[in-house]
Amino acid sequence: MMRFSLVMATRGRTTEIAEFLDSVLAQGRDDVEVIVVDQNGDDRLVPVLAPYFARLKLTHLRSTVANANHARNLGLRAAEGEIVGFPDDDCLHPRGVLDRVAAAFAAEPALMVLTGPAESPDGGLGSGRWRMEAGPITAENAWTSVIEFNLWLRRRLALALGGFDEEMGPGTPIGSAEGNDLVLRAVNAGHYAAYDPALRVIHPDKRLTDVATARARLYGRGLGFALRRHGVPASVWLPFAVRPLGGVAVSLLKLRPRDAAYYGMTLLGRAEGFVQRRASAGRVRPAIQGQP
């Protein structure tokens, strides 16, 4: 029986894909499939993937749509595993991570969604603000409990929810928080979701970098949109406005204009997303198994 399906949407990267596949092989499990959904317009991944077909259950799908959630849902519909995860194309699985996920789902039959934080390649937590205590995920704490590349669901639930919202995430004007949205749709439907701070996936920490500053407004818009969509109280959303303001002030005092720009663009994006009104926003495309 296939236990895990790992669905990776990718565009533009090559060597990182091989490094990730090596980290999957290092798990030492034979119940894992990897589905690479290739959004490149060329064959750059063909030589990268070729050596792994004999060593892994590996599927290479192609998509002409430059939309991460469209690619994830495409892979989800092709998946066969009981548990599905959605690794980024620049993350790594530490040894034992799949064993830990499998044990958590086996120990609690009611568990439908499991999450953990990001770990910096240099050690310690990275890529955001994380709560330290384990436990159930709610509308109040989901914002410090979810990242897409460390999100695990029972496949039947992921399909029933319609997968990720394809009008959110990379490739759309609402560029982030699609994982928070998916988890809260599960929670709001009455399913048990839990966060484990010791369940780590390694991912580059891009905070306060040129890359992060360039996309801060886009990512901020996604978070603002998700906060508004799920109707959280002011006690939850207000800190996401106050912290960037403080970041701007502190960065200017320290004469760090790039950092100030990052916080300023983050705040602007969150405000734009929070007031976003779109007739089509939130329509989730059914993720029916076997659908083309």
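Residues numbered from 1 in each chain as written. Predicted model: local features only at pLDDT ≥ 70, side-chain atom pairs only at ≥ 80, totals over all residues. Heavy atoms only, no water.

1. Considerations on the pattern of salt bridges
Where charged atoms of side chains with opposite charge meet at close range, the side chains can pair. According to the stated counting rule, one finds 21 salt bridges in the structure shown. The shortest N-O distance in the salt bridge between R13 and E16 comes to 4.0 Å. Overall, the relative accessible area of 25% leaves R13 in the partly exposed class. Look at E16 and you get partly exposed, because its relative accessible area is 27%. Among the charged side chains, a salt-bridge network with shared partners connects R13, E16, D89 and D90. (Salt bridge = Lys/Arg side-chain N within 4 Å of Asp/Glu carboxyl O. Buried < 20%, exposed > 50% of the residue type's maximum accessible area, 1.4 Å probe, protein only.)

2. Describing the nonpolar core
Buried together is how nonpolar side chains tend to be arranged in soluble globular proteins. By size, the foremost hydrophobic cluster in this structure holds 73 residues, and its most contacted members are L21, V34, V113, W143 and W152. In this structure, V113 is in contact with F105, L151, W152, L153, L157, V183, A186, Y192, A193 and A194, ignoring residues within four places of it in sequence. (Core = buried A, V, L, I, M, F, W, Y, C linked by side-chain atoms within 4.5 Å. Contact = heavy atoms within 4.5 Å.)

3. Things to note about the sheet that holds strand β6 (residues 118-119)
Strand order in the open sheet formed by three strands is β7-β6-β11, with mixed pairing between adjacent strands. The sheet terminates laterally at β7 (125-126) and β11 (201-202), the two strands that pair on one side only. (Pairing = 2+ DSSP bridges. Helix = DSSP H or I, 4+ residues; strand = E, 2+ residues; numbered from the N terminus.)

4. With respect to unusual backbone geometry
Apart from glycine, the bulk of residues carry a negative phi angle, and the bulk of peptide bonds sit in the trans form. Positive phi, close to 70°, is recorded for A177, a residue that is not glycine. Locating A177 in the fold gives a position in the loop between α5 (155-160) and α6 (178-188). Among the residues examined, A177 registers a relative accessible area of 6% and is labelled buried. One non-glycine residue with positive phi stands out, namely L255, at about 60°.

5. So, the packing of helix α9 (residues 239-253) against helix α10 (residues 257-274)
Two numbers describe how α9 lies on α10: the axes approach to 8 Å, and their chain directions differ by 160°. Taken together, the axes of α9 and α10 are roughly antiparallel relative to one another. Of the two elements, α9 crosses α10, and the hand of that crossing is left-handed. Counted together, F240, A241, P244, L245, G247, V248, S251 and L252 of α9 and D259, A260, Y263, G264, T266, L267 and R270 of α10 form the full contact between these two elements. (Axes fitted to C-alpha atoms, helices over the stretch in contact; angles between N-to-C directions. Parallel < 35°, antiparallel > 145°, perpendicular 65-115°, else oblique. Left-handed = near helix turned anticlockwise from the far one by under 90°.)

6. Focus: α10
For α10, spanning 18 residues, the distance from its first C-alpha to its last is 26 Å, which sits close to the expected 26 Å at 1.5 Å a residue. For α10, every residue scored as buried is listed here: D259, A260, Y262, T266, G269 and G273. Among the structural elements, α7 (210-229) and α9 are those in contact with the buried residues of α10. (Expected span 1.5 Å × (residues − 1).)

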